[in-house]
Amino acid sequence: MANQVVLRSVPQSLSAKFVGSFAYLTVKDRLPTILTKVIDTIHRNKDKFFEEHGEEGVQAEKRAISLLSKLRNELQTDKPVLALTDNVVDTDMWNQYLQRQQALMDDNEPPSWFKSPWLYVECYMYRKIQESLHLNPPICDFDVFKEAKTKSFFESQQPIMAICTYLQELNKNMDDLSETQLLEHFLKLLQVSLWGNKCDLSISAGQDNSQKASPVDSLEDLKPFILVDDSNLVWSVLTNGKIPGGSSKLQGRVDIVLDNAGFELVTDLIFADFLVSSGLASKVCFHGKSMPWFVSDTTKEDFHWTIRQTLAANHKWMSKSGAQWQCYLKDGTWSYYDHSFWTLPHEFCDMAADAPDLYATLQKSDLIFFKGDLNYRKLTSDRDWGHTEPFEKALRGFQPASLCSLRTLKANVQVGLQPGQGENLTAQEPTWMTSGKYAVVQFSSPHREQ
Ligand SMILES: O=P(O)(O)OC[C@@]1(O)O[C@H](CO)[C@@H](O)[C@@H]1O
Ligand SMILES: [Mn+2]
């Protein structure tokens, strides 16, 4: 009974079926463009495939491109979404999900690109890119987005140096900090990690070669764009409910569900370093993607590559930071995990039932940070919620531990706002939900008293 009431009160999924919506424009314009870039990347790497696998590599390249061109055509002409055929670890999960989507369709129509939920078809596109490679074994490990991720890391060297310098200076003085100073630094580094999610991948972009292009310097100007700021509740968890002046640190386990590689990943590593070196946390578990995903998302390879590059940098504080991070990984203070659930199309409220092992892992955490926009869409089931609906309600029972979303807005779902706040923003700036200019630090806890 109660379940039926909950089901009926869930708003509909965002979808390209709403012509003119952001979902519609993404499926119509952005996804085919991404597919075209993927095809181009594979083609440009033809010589590499030949060098590595001979003629077989070239044939694999041709077949993969042909599958991807077919996919792009199916997308653009709103053809049915097809079952996967690559027989790998998550294939059955995807095909079962397709059946679930089928059951949701009116008049027994097949799920399709413009009629099904946006979250589903967008995730499906990235999984289909992977299928086109899985079906062509010599090139199945090729990361079609690697070049873009690498470029974004190298283009952000200036702010990366600045933030590593900030971290190392802070670490030197950590023992002398008062609780109030610790809180100040915590807020700064949390916000650096938050704005690291901005779509251009670099907070200091456009300030060209200025030496003082530190992400920390921009924070004050960015504050008005944080629409919900629950940082005090996050701090409260990390200090066992003590406000500044007290001296109780959680020293527990923090999990970070990562989003993008490049500059954002570095800001997450910096934040994680601070949490450990300040004693606020004793352990940090990172969660990344087990396949190339949404162009810039972090895979295991990206994670370790980034740390190696930071260590190898010709910059004292960057290099010191990288060395410290290697040590944290070696001694188990930090650990990296991936799980196929993160690259499934499921809303996170499905996790307890569909990936109970991952849910149980997260339940062991004291505080989980979810980075970025896609994680927010999955937390809130990517539905058309009213802006004043409570975050807890949109989570629909997903509550493995205290959690905090650090997200810049790049899709039109936003809950937990004050009455009138969303309407005012819409009146002033119609694209406020998709421009990446605004952000939220949104917290929820199973132990929350209010
Ligand atoms: O999760 P992220 O990296 O912050 O953003 C992912 C994203 O770029 O992809 C989708 C649009 O195609 C949106 O959810 C969002 O804008
Ligand atoms: Mn991403």
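Residues numbered from 1 in each chain as written. Chains lettered and ligands numbered in written order. Predicted model: local features only at pLDDT ≥ 70, side-chain atom pairs only at ≥ 80, totals over all residues. Heavy atoms only, no water.

Draft legend 1. Structural detail: the coordination of the manganese ion (ligand 2). Within the protein, Asp-259 (OD), Asn-260 (OD1) and Asp-297 (OD) serve as the donor atoms for the manganese ion (ligand 2), at 2.1 to 2.3 Å. Ordering the donors of the manganese ion (ligand 2) by residue number gives the pattern D-N-x36-D. Of this pair, Asn-260 sits in the loop between strand S2 (252–257) and helix H12 (263–277) while Asp-297 sits in the loop between strand S3 (281–288) and helix H13 (300–312), and the two are 37 residues apart along the sequence. Comparing Asn-260 with Asp-297 shows no difference in burial state: the two are buried. (Donors = N, O, S within 2.8 Å, 3.2 Å for Na, K, Ca; no water. Helix = DSSP H or I, 4+ residues; strand = E, 2+ residues; numbered from the N terminus. Buried < 20%, exposed > 50% of the residue type's maximum accessible area, 1.4 Å probe, protein only.)

Draft legend 2. The arrangement of the environment of Asn-95 in detail. Counting through the fold element by element, Asn-95 comes out in helix H5 (residues 91–104). Looking at Asn-95, the relative accessible area reads 18%, which means it is buried. Once the C-alpha coordinates of Asn-95 and Leu-84 are considered, the two residues, 11 residues apart in sequence, prove to be 6.5 Å apart.

Draft legend 3. Geometry of the site of ligand 1. Around ligand 1 lies a shell formed by Thr-26, Arg-30, Glu-122, Asn-197, Asp-259, Asn-260, Phe-294, Gly-372, Asp-373, Leu-374, Arg-377 and Lys-410. Separating an oxygen atom of ligand 1 from a side-chain N or O atom of Asn-260 is a distance of 3.0 Å. Separating an oxygen atom of ligand 1 from a side-chain N or O atom of Asp-373 is a distance of 2.7 Å. Protein chains bury 91% of the 390 Å² of accessible surface belonging to ligand 1 in isolation. Counting only elements with at least two residues in the shell around ligand 1, the list comes to helix H2 (22–44) and helix H17 (372–379). If you tally residues by element for the shell around ligand 1, the top one is H17, at 4 residues. In terms of residue class, the shell around ligand 1 is made up of 2 nonpolar, 4 polar and 6 charged. (Near = heavy atom within 4 Å. Polar contact = N/O pair within 3.5 Å; in protein donor to acceptor, adjacent residues only side chain to side chain. Areas by Shrake-Rupley, 256 points an atom, 1.4 Å probe, with all protein chains shown as cover. Nonpolar A, V, L, I, M, F, W, Y, C, P; charged D, E, K, R; others polar.)

Draft legend 4. Spatial organisation of the pairing of strand S5 (residues 367–371). Here S5 lies mainly inside the structure; 5 of its 5 residues are buried. By the alternation rule, side chains of S5 split into Leu-367, Phe-369 and Lys-371 and Ile-368 and Phe-370, which are all buried. When S2 meets S5, the two strands line up parallel, connected through 4 bridges. Across the sheet, Val-257 pairs through a bridge with Phe-370, a residue of S5. Note: S5 against strand S6 (residues 403–408), 4 bridges, orientation parallel. If you follow Ile-368 over to S6, its bridge partner there is Leu-403. (Pairing = 2+ DSSP bridges.)

Draft legend 5. View of the domain arrangement of the protein chain. According to the domain assignment, the protein chain contains domain 1 (14–134) and domain 2 (146–444). Tallying the contact residues gives 19 residues for domain 1 and 25 residues for domain 2. When domain 1 packs against domain 2, close to 2,000 Å² is buried across both sides, 65% of that on carbon and sulfur atoms. The tally of links from domain 1 across to domain 2 stands at 4 salt bridges. (Domains from an automatic or database assignment. Contact = heavy atoms within 4.5 Å. Buried area = accessible area lost by both parts, 1.4 Å probe. Salt bridge = Lys/Arg side-chain N within 4 Å of Asp/Glu carboxyl O.)

Draft legend 6. Representation of the sheet that holds strand S4 (residues 334–338) in the model. Ordered by their spatial adjacency, 7 strands build an open sheet running S1-S7-S6-S5-S2-S3-S4, and the pairing between neighbours is mixed. The open sheet has two free edges, formed respectively by strand S1 (226–229) and S4, since each of these has just one partner strand. Neighbour to neighbour, the strand axes of the sheet diverge by 15° on average, direction disregarded. Pairing of S2 with S3 involves 6 bridges; the strand directions are parallel. Bridge assignment links Asp-255 to a residue of S3, and that residue is Cys-285. (Axes fitted to C-alpha atoms, helices over the stretch in contact; angles between N-to-C directions.)

Draft legend 7. Seen up close, the pattern of salt bridges. Under the counting rule described, the total for this entry stands at 28 salt bridges. Across the pair Lys-128 and Glu-131 runs a salt bridge whose closest N-O atoms are separated by 2.8 Å. Here Lys-128 and its partner Glu-131 are both found in helix H6 (residues 118–134), 3 residues apart, which amounts to about one turn of the helix. Of the two residues, Lys-128 and Glu-131, neither departs from the other in class, the shared state being buried. A salt bridge links Lys-437 to Glu-429, with the shortest nitrogen-to-oxygen separation between them at 3.0 Å. Judged by its relative accessible area of 30%, Lys-437 falls in the partly exposed class. Linked through salt bridges whose partners overlap, the residues forming this network are Asp-143, Lys-146, Lys-149 and Asp-302.

Draft legend 8. How the structure looks around the pairing of S6. For S6, the buried fraction is high: 6 of the 6 residues fall into the buried class. Alternating residues of S6 divide into Leu-403, Ser-405 and Arg-407 and Cys-404, Leu-406 and Thr-408, and every residue in both groups is buried. In the sheet, S6 pairs with strand S7 (residues 439–444) via 6 bridges, with the strands oriented antiparallel. Looking across to S7, one finds that Cys-404 is bridged to Phe-443.

Draft legend 9. A look at the side chain of His-287. Summarising the element assignment, His-287 is placed in strand S3. Judged by relative accessible area, which is 2%, His-287 ranks as buried. Engagement of the side chain of His-287 in a polar contact is seen with the side chain of Asp-255, the distance being 2.7 Å.

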